[in-house]
Structure formats: structure tokens, C-alpha cells
Amino acid sequence: MAEKITPRLENYPKWYLNVIQEAGLADNSDVRGCMVIKPNGYAIWENMQRGLDRMFKETGHVNAYFPLFIPMSYLAKEEEMAEGFAKECAVVTHYRLKAEKGQPLKVDPTAELEEPLIVRPTSETIIWKSYKSWIQSYRDLPLLINQWANVVRWEMRTRLFLRTAEFLWQEGHTAHATAAEAEAETMQMVKVYAKFAEEFMAVPVLVGPKTEGQKFPGALYTLCIEAMMQDGKALQAGTSHFLGQNFAKAFDVMFTTPDNKKEYAWATSWGVSTRLIGGLIMTHSDDQGLVVPPRLAATHVAICPLGKTEADRAPALAAAQKLAAELRALPREEFFGYEPIGVQIDNDLKTSPGYRFAKHEVRGVPIRVEVGPKDMEKEIPTCIVARRDYLYQVELEPELNHQKKNEVPLVTSAESIVRALKDMQRVLFERAKKYRDARTVTATTLEEFAALFPVKGGDKDEEETELNKLQFVYAHWDGTRETEDMVQKKYKATIRCLPFDGPMEPGTCPFTGQPSARMVLFARAY
RNA sequence: CGGGGUGUAGCUCAGCUUGGUAGAGCGCUUGCCUUGGGAGCAAGAAGUCGUCGGUUCAAUUCCGGCCACCCCGACCA
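Since the model is a prediction, treat every value here as computed from it, not as a measurement.

Caption draft 1: Expanded view of the sheet that holds strand β23 (residues 472-476). One open sheet accounts for four strands, arranged β22-β23-β27-β24; its pairing is mixed. The sheet is open, and its two edges are formed by β22 (440-442) and β24 (494-497), each paired on a single side. Each neighbouring strand pair of the sheet contributes to a mean axis angle of 40°, computed without reference to strand direction. Pairing geometry for β24 and strand β27 (residues 519-523), over three bridges, is antiparallel. Among the inter-strand pairings, I495 is bridged to a residue of β27, identified as F522.

Take a look at the structure:
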């Protein structure tokens, strides 16, 4: 059978879409720019939700839910936000259709809303409208609320998971009595995101503030996490905003201080979305399909009993069931401390072993176990444990002495599997970090910078397929919006952030010759 | 909103130039065969050819309108 997935080096964007399709993560829908998230993709999102939600709760947050529709006038109350989102808002103007026999359905012109509603692109406005009535005293603060929701941003160009017109996310919205407290919250939450990205997704990230030009509309500043994809492009994976008193002022949210004075509340907001799934795919997956770090996998182990007939297979099937039960019975702390291990027995008699192996690989199941008659005949029965992360990587990292398949005694296979899962989580992170660090460079002169972000003569395909060529580039910057805009226009590279642990020495801006406080991180971005 | 392109089976597409009412591969169903890396053979089901109109004895094919989608640009946290 022909290879179904376009190799990454041939065409990276096409590979990305192939993986999503073949792994059963999502479909394009008939509604332009919107996606259908299929069970396999949604399972990853559910695991992301679980991990994040736990971390939010551990930092004192609670969940609530606010309406999908927002009166248009609310958005208008915060000027920067209105300007920032005006061009991508879906608007509801009517509340009724007209259905007459033999006539096409149409909007009932007599059912026009007095005030149009927008579908939330983000919920600061409607949430702060509520906060106005919830916050009276300093005793009501801090207010630490998160919501899991969908939002709509009418993007011109969409890509599955990375940028869709509707997407799922969480948005935290907090109110505090002091600026310092709100700023600490902003920092705390970006660190939560960084921890989640690195420990759950096995995606290394850089943390730091956005530039003035790239911050969220309505924010005083934005902190973000940035990840490198396999093609060297950057992906903004999460943001945490210090909103100052902008929304409190827009919605008149004042509280009484202990010394009986009135003050506006201080705000933060922070969010990550289903875009993380896109980032996960483009960090770990390979030409054979999806690779999912164990902490986010719904199914961790697929056991394939082998044997031609039901009778041939019976002993192997029994062994598979025993192993599955053993794995499922493991105490949670034996795995990652909470979710139980997901085990699936693929006992399909009608498909060949190769087909089943390939199916689980393309879908990103971390561990596959093969057990068949040959294993069961042995004095000490064994099984084959195959790790998804070793496949097709062997030639890339020969020093790690990867083994595609390991034969282990059945009696010890459960521990072998748990050990492998833990190791895989670590290996994926280290591999991604090594990849990113090897592709992070410094440019001190304009010539160096220009060579790192070549602009081709129009052939976009060629440009996008040059895997390994794009890099993260540290360079000085004079701090002005003009220079930032010029670089974006000329080199299609943006300042991703000013990483907290990046180089801090002052220097000279290669673009203007002006003094620069520190180097910043440039990259092409999704 | 400008420039280009495409709408034919579940999917990817051929056929149209030169009009005569439709094909392939994959997928699906069934049977045989096959079981430690995506097998093979055979049979079968499946399409108002985007839509509306025009020309014609006859339109998937030619002409026009419309609609949808894709690519490039613009735009885009």
C-alpha cells in the first residue's frame, strides 16, 4: 500500500494535514474555517483540560461559565479591545427565521434585535460586567475565575487547530486589590502554562513578555510561552495578560479599601486553546504519523494478540487480557500520579498484523505490545514491547542505541511498559529541547540577520518545505515599533518575546544602529 | 476586496479540446485465501457530473449568470 503521509521534508504543511487526517484528530467542516474535532483529537484535549484544570485549582482558581453572546456595546467600552477585535467578530442580528411551505428558509426581517450581539472572541467585557456586581469590598478580592469555553474569531485564513474560526479554550479572568498582586498572578499563570507545556506536552518553551506591538488589546503587557515547531517556526502557545485597571474602569468596577477609600480593581486574563494540539503535533510527530507524549495519550498501550485463527490466538489473547488487567490495576502513582493507564486490546481477526501495527502507530499510541503463538510456546512466555518514539528515529539518534522492539518476559511486561512510558515522556521533551537549542542562533549584524530569514522570489511552497532552515534568532532591537514593523515586513520575522532567560547584555540594534537594551527573540511564526 | 484556479462515486482525480446520458485508484460490502510490518484474487454496491438558464435532435462536455471552495495578495495575538 502506498505511503499515506507526505514526508516532512517534502512538504511540511501537507504532512501536518495528513497526520491530522490519518490519526483521526479532526476534519474540516462545511462551515468555513471551523473544524470537527474527532474522538481521537478530543481525547487529547480532554487530557489537556484535566492537567490544566488541576493546576488552576491548585493555584486557587474556580470554574464558572459566562454567556456566548455579548452585547455589542460591551465591546465598545474598552477602546483597544474594540479596535483589536472589531474586524473578526461574528454578529447576531436576528432571533428568528421564517419557514413557509415551499419557500426557502430565510431570516425573518421583523425579528431584528434592537442591539446586535457579538459571539465572544474573548470574554473580558461580559465577565467584567458581572464583576461589577460581585466586587464591592477588598474582602471580595482576589476573584480567581476560569472558564472552559468556545470562542469565535473570524479569521481570514485558517488551519486546523492552529487557527480556526471557532476554537475551544480556557480563559482565566482575575480581579485583585493591588497592581502587585495582579502582576504576580500574571507571572504565576504564564509559569503554569510553561510547566504544563514542558511536563505534560513535553514541549520546551521560552517565557517572556511580548513587545508593545504584539500585546493583547486592552493589556498593559502580555507574557507568553513560545515553542519551536519542527520547521523552525515559532508557535505562541499561551498568553497571560496584565490588564491593569483598564477593564475595571471600562465597567466601573470599584471596591472599598480597608481604609474606606474607593479604588478600581486590577485585572489579569490568561488562556490556552486547542491550538496546543497543533503545537503538540508539530513538535513530536514523524513521517509515520502522530506521536503523543504518554501524559496526554488517551490510550497508552495497544495490545495486539497474534495468530491466524481464534484457536491459534486463544493463549495469546488470554495473556493479553491478563496484561491489560495488570496494567489497569496499577496504582495511579505508579503511572503519573492521577489518570489511570489506558489499555486497548486489538483482537481484530480480519486485519493483518502489519495493518494493526501501522494503525496504532499512525494514531500515536505510545506503546504497542505484540503477543502471539511463538511467544506462548516458550518455556518463559514473552511479548514484544514496541515504543512509538523509537520508530524511525533510530537513524537520527544512533548514539541512543534505540531498539525498535524489545522482547520481554510476559510476567515482567507491565513494569517494562510503565518504565518505557515514563522514559518516553522524558525522551520526547529532551529531543524537542535539543532540536530547538540546536536551531537557536545569534545575529549581530544586519547581514547575518538577513541570511537567516531569506525571502524567496514568490515560490511559497519551496519556502515552506525547507525544514531545518528556519531558526530562532536572538538579535538586538532598538525597542521601537517602527523597527519591529520594518523587520516583519522585510523579513517576515516577528519578535516572539523577550525571554526571561535570554541574553540580557545591552548592545546595538543592527537595523538602525541605535542602542539596544537587550537581545530579543526573532522568528517566523504561525 | 483584488489576481488566479477548481467544482464529476465516501476520498483523490481522469473524461470535456472534437457534444451521443460516465471511468480509474483508494475506500466500502461479500466470498476465497492470508496472520510477527499497511497482503492477494474475484464479485458487488455506489454519481440528479455545484446550481440556474441558453444553444442543440441531443449538454458532464459549448456559452452566460449565480453559488461554494482552494491558492496568491491584503488581513490576522
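Caption draft 2: Region of the structure containing the nonpolar core. Ranked by size, the top nonpolar core spans 52 residues in total, and within it M48, F161, F196, I225 and I281 carry the most contacts. Going through the elements one at a time, α1 (12-22), α2 (39-58), α6 (179-199), β12 (221-228), β13 (234-244), β16 (266-273) and α8 (275-284) are the ones with two or more residues in this core. Ranked by the residues each element gives to this core, the list is headed by α6, at seven residues. Residue-level mapping places this core at the junction of two domains, with at least three residues from each of domain 1 (46-90 + 116-284) and domain 2 (294-436). Not counting residues within four places of it along the chain, the set of residues in contact with M48 comprises F196, M201, L276, I277, L280 and L296. By size, the runner-up hydrophobic cluster in this structure holds 30 residues, among which are Y74, F85, L141 and F247.

Caption draft 3: The sheet that holds strand β10 (residues 166-176), seen in detail. Taken together, the seven strands give an open sheet; going across it, the order is β3-β9-β10-β16-β13-β12-β11, and neighbouring strands pair in mixed fashion. Single-partner strands in this sheet number two, and they are β3 (62-63) and β11 (206-209). Relative to β16, β13 runs antiparallel, the two sharing five bridges. Within β16, the residue paired with G244 across the bridge is A267. Strand contacts of helix α5 (residues 124-134): β9 (143-152), β10, β13 and β16, with the helix running at about 30° to β10, the strand carrying the most contacts.

Caption draft 4: Representation of the pattern of salt bridges. Taken as a whole, this structure holds 26 salt bridges when the rule is applied. For E407, the salt bridge goes to K378, with nearest N and O atoms at 2.3 Å. Note that E407 is positioned in strand β21 (residues 405-409) and K378 in the loop between α11 (373-377) and β20 (382-387), a separation of 29 residues in sequence. On the basis of relative accessibility, which here comes to 46%, the residue E407 falls in the partly exposed class. When its relative accessible area of 33% is taken as the criterion, K378 is described as partly exposed. What you see here is one network of salt bridges that share partners, running through R387, D389, D423, R426 and E430.

Caption draft 5: Representation of the confidence of the model for chain A. Within chain A, residue pLDDT values average 90, and 93% of them lie at 70 or more. The low-confidence segment residues 457-465, where pLDDT is below 50, has ten contacts with residues more than four positions distant or belonging to other chains.

Caption draft 6: The packing of helix α9 (residues 310-328) against helix α12 (residues 413-438), seen in detail. As a packed pair, α9 and α12 sit with axes 9 Å apart at the nearest point and diverge in direction by 55°. In terms of their interaxial angle, α9 and α12 are classed as oblique. Along this stretch, α9 crosses α12, giving a crossing that reads as right-handed. Contact residues: L323, E326 and L327 in α9; S413, A414 and I417 in α12.

Caption draft 7: Spatial organisation of the protein's contact with RNA strand B. Taken together, 37 residues are adjacent to RNA strand B, and K215, P217, E361, R368 and D375 come closest. Each atom of RNA strand B within 4 Å of the protein was classed as base or backbone; sugar and phosphate made up 37%. Note that a sugar or linking oxygen of RNA strand B is positioned 3.4 Å from one of the backbone N or O atoms of G354. E361 is positioned such that a nitrogen or oxygen atom in its side chain is 2.4 Å from a base nitrogen of RNA strand B.

Rules used in this analysis
- Along each chain, residue indices are assigned from 1 in the same order as the chain's sequence is written.
- Here chains are named by letter from A upward and ligands by number from 1 upward, in the order in which they appear as written.
- In keeping with the predicted nature of the model, local features appear solely for residues at pLDDT of at least 70, side-chain atom pairs appear and are counted solely at 80 or more, and the whole-chain, interface and lining totals rest on all residues.
- Side-chain figures throughout are based on the complete set of non-hydrogen atoms in the structure, without hydrogens or water.
- By the convention used here, strands pair only if DSSP detects at least 2 bridges between them.
- Numbering of helices and strands starts at the N terminus; helices are DSSP runs of H or I of at least 4 residues and strands are runs of E of at least 2.
- To define axes, lines are fitted to C-alpha atoms, for helices over the stretch in contact only, and angles between the resulting N-to-C directions are given on a 0 to 180 degree scale.
- In plain words, nonpolar cores are sets of buried Ala, Val, Leu, Ile, Met, Phe, Trp, Tyr and Cys residues tied together by side-chain atoms within 4.5 Å.
- The rule is simple: take the accessible area with a 1.4 Å probe, protein chains only, and divide by the maximum for that residue type; under 20% is buried, over 50% is exposed, in between is partly exposed.
- Just so you know, the domain bounds were taken from an automatic or database domain assignment.
- Any two residues whose heavy atoms approach within 4.5 Å are treated as being in contact.
- Salt bridge, as applied in this entry: a Lys or Arg side-chain nitrogen positioned within 4 Å of an Asp or Glu carboxyl oxygen.
- pLDDT measures how confident the predictor is about each residue, on a scale from 0 to 100.
- If an angle is under 35 degrees, it is roughly parallel; if it is over 145, roughly antiparallel; if it lies from 65 to 115, roughly perpendicular; otherwise it is oblique.
- By the definition used in this description, the sense in which the near helix is turned from the far one sets the handedness, with an anticlockwise turn below a right angle giving left-handed and a clockwise turn giving right-handed.
- One heavy atom suffices: a residue is near a molecule or strand as soon as one of its heavy atoms comes within 4 Å of it.
- Any pair of nitrogen or oxygen atoms within 3.5 Å is treated as a polar contact; in protein, a donor-acceptor pairing is required on top of that, and neighbouring residues in sequence qualify only through side-chain atoms on both sides.

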